[in-house]
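Commentary on secondary and tertiary structure
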Amino acid sequence: MRSSLAVSFQMFSDIFCKMLGAMLWLAQSRITEGIYLDFLKDFLIYLIFRGLRMKDATGSGQALQADQAFEALLAALRQGALRANEFISMPRLGELVGFPIAATREAVKRAETQSLVSILPKRGIVVMDASPELTRACLDMRALLDKEGACRLIQGGVPMPLNRLRGAHETMLQLAQSGRNGDLPAQALETDLSLHDLLASGLNNPFLRGVYEANRNRLAVIQATRAFLVDRIASAMEEHLAIISALRAQDAEQAAKAIDHHCHQTMRWWGVDES
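Structure report, in brief. Note that residues are indexed from 1 along each chain, following the sequence as it is written. The model is predicted, so local features are restricted to residues of pLDDT at least 70 and side-chain atom pairs to those at 80 or more, both for listing and for counting; the totals for chains, interfaces and linings are taken over all residues. The basis for the side-chain values is all heavy atoms of the structure; hydrogens and waters are excluded.

**Quick look at the overall build of the protein**
For clarity, the threshold we go by: Strands here are runs of E lasting at least two residues and helices are runs of H or I lasting at least four, both read from the DSSP assignment and numbered beginning at the N terminus. The buried label applies to any residue whose accessible area, calculated with a 1.4 Å probe on protein chains only, is under 20% of its type's maximum; exposed applies above 50%, and partly exposed to all values in between. By the convention used here, residues are in contact when the closest approach between their heavy atoms is within 4.5 Å. Note on areas: Shrake-Rupley, 1.4 Å probe, and residue coverage restricted to the protein chains presented here.
Tallying secondary structure elements over the protein gives ten helices and three strands in all. Mapped from its N terminus to its C terminus, the protein presents α and β elements in the order α-α-β-α-α-β-β-α-α-α-α-α-α. The buried share of the protein, reckoned over its 275 residues, is 36%. Of the contacts made within the protein by residues no fewer than 6 positions apart, 74% connect residues no fewer than 24 positions apart. As presented, the protein carries roughly 15,800 Å² of accessible surface, and 57% of it is formed by carbon and sulfur atoms.

**Digging into the packing of aromatic side chains**
Remark: the centre distance and the inter-plane angle together describe each pair of aromatic rings, the angle taken between the planes. The following threshold applies: Working definition: rings of Phe, Tyr and Trp (its six-membered ring) pair if their centres are within 6.5 Å, and the pair is stacked with planes under 30 degrees apart, edge-to-face with planes over 60 apart, and tilted otherwise. Any Lys NZ or Arg CZ found within 6 Å of a ring centre and within 35 degrees of that ring's normal is scored as a charge over the ring.
For the structure shown, the criterion picks out zero aromatic pairs. It is arginine 110 that lies over the ring of phenylalanine 70; its NZ or CZ is 4.9 Å from the centre. The positively charged end of arginine 123 is found above the aromatic ring belonging to phenylalanine 87, 5.4 Å away from the centroid.

**Describing the side chain of serine 235**
Along the chain, serine 235 turns up in helix α9 (residues 230-248). Judged by relative accessible area, which is 17%, serine 235 ranks as buried.

**Details of the packing of helix α7 (residues 184-201) against helix α8 (residues 206-223)**
The following threshold applies: Fitting a line to C-alpha atoms yields each axis, with helices limited to the stretch in contact; the angle taken between N-to-C directions then spans 0 to 180 degrees. Here is the rule for angles: anything less than 35 degrees is roughly parallel, anything more than 145 is roughly antiparallel, 65 through 115 is roughly perpendicular, and the remaining ranges are oblique. The crossing is said to be left-handed when, going from far helix to near helix, the turn is anticlockwise and less than a right angle, and right-handed when the turn is clockwise. Throughout, the ten residues Ala, Val, Leu, Ile, Met, Phe, Trp, Tyr, Cys and Pro are labelled nonpolar, Asp, Glu, Lys and Arg are labelled charged, and all others, Gly among them, are labelled polar.
Running from amino to carboxyl end, α7 crosses α8 at an angle of 160°, the nearest separation of the two axes being 11 Å. Here α7 is positioned roughly antiparallel relative to α8, judged by the angle of their axes. Judged by the sense of rotation from one axis to the other, the crossing of α7 with α8 is right-handed. Residue-level contacts link Leu189, Leu193, His196, Asp197, Ala200 and Ser201 of α7 to Arg209, Tyr212, Arg216 and Gln223 of α8. Residues of the contact of α7 with α8, tallied by class, amount to four nonpolar, three polar and three charged.

**Examining the nonpolar core**
Quick note on the threshold: Residue types Ala, Val, Leu, Ile, Met, Phe, Trp, Tyr and Cys, when buried and joined through side-chain atoms within 4.5 Å, form a set referred to as a nonpolar core.
Counting 60 residues, the largest nonpolar core has Leu73, Leu93 and Leu247 as its most contacted members. The leading source of residues in this core is α9, at nine residues. Filtering out sequence-adjacent residues up to four positions away, leucine 247 remains in contact with Ala150, Ile154, Met160, Leu162, Leu195, Leu198 and Leu199.

**Details of the packing of helix α5 (residues 132-155) against α8**
One way to put it is that α5 packs onto α8 with a least axis distance of 10 Å and a crossing angle of 140°. By the angle between their directions, the pair α5 and α8 is classed as oblique. Handedness of the crossing formed by α5 with α8: left-handed. Within the contact between the two elements, α5 uses Leu134, Thr135, Cys138, Leu139, Met141, Arg142, Leu145, Asp146 and Arg152 and α8 uses Leu208, Val211, Tyr212, Asn215, Arg218, Leu219 and Ile222. Split by residue class, the contact of α5 with α8 holds ten nonpolar, two polar and four charged.

**Structural notes on the pattern of salt bridges**
Where charged atoms from two side chains of opposite charge come close, those side chains can pair. Formally: What makes a salt bridge here is a side-chain nitrogen of Lys or Arg within 4 Å of a carboxyl oxygen of Asp or Glu, nothing more.
Evaluated as defined, the whole model comprises eight salt bridges. One salt bridge in this structure joins lysine 109 and glutamate 106, with 3.4 Å as the shortest N-O distance. Here glutamate 106 and lysine 109 lie together in helix α4 (residues 101-113), a separation of three residues that amounts to about one turn. Residue classification places lysine 109 among the partly exposed residues on the basis of a relative accessible area of 45%. The partly exposed category is assigned to glutamate 106, whose relative accessible area is 40%. For arginine 216, the salt bridge is made with aspartate 197, and the minimal N-O distance between the two is 2.1 Å. With arginine 216 in helix α8 and aspartate 197 in helix α7, the pair connects residues that are 19 residues apart, well separated along the chain. Arginine 216 sits in the partly exposed class, given a relative accessible area of 25%. On the basis of relative accessible area, aspartate 197 is assigned to the partly exposed category, the value being 35%.

As structure tokens, then:
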């Protein structure tokens, strides 16, 4: 299948040939010089605007492809296809994410601004470290932003889907306590993120949300190196339920304490020293 760019150039070529043929016919016919020059001027104006439109369309297509390549890169990082501290060449990365090298390079540049990867010129990239120091910093940042989000949600009287969240967490808690395994870790992670998504929405600031999203991406890389243990799921759900209870009570101070406790427990389970 031909690309949209190739189709556009083919259409442009066909139109150009037809217009050139018309100009040659006019030049050979008995028309005044003024009419011929007017036609030539209109044709040149058409070519200019047609070229600008094609340039804009090409630029938009490239930007969209870069966005898609970045999402594919994030998916590879979240799913563990790219592991912490792993090196990969640009051609190999392009094959992994399934995009041309130009779009892959743009995706890598964006990932580097979030500290997800480091670019090694003319070689490739290295995925971020998952050291205890970086893990502690990321968890601390999340807790700080979660507390601010909770405070703003409460102070602003923002409607929150707390009944739904509580029901989902209670269900997950019961499943964990029953000893069920299977795909429970993946389901638990989805439930876990649902509360953090709510707290992030309370920030109500595009810059803070951008910081939160970048930190969440870094935590995803870190979490890919640590399985969500079934033994941890139950206590994590209980900690989340405490946060939800504080939100229901509109108690910002208690919500902050519950968020801090959740952060400390996560560090402990991940083997990270809090100091």
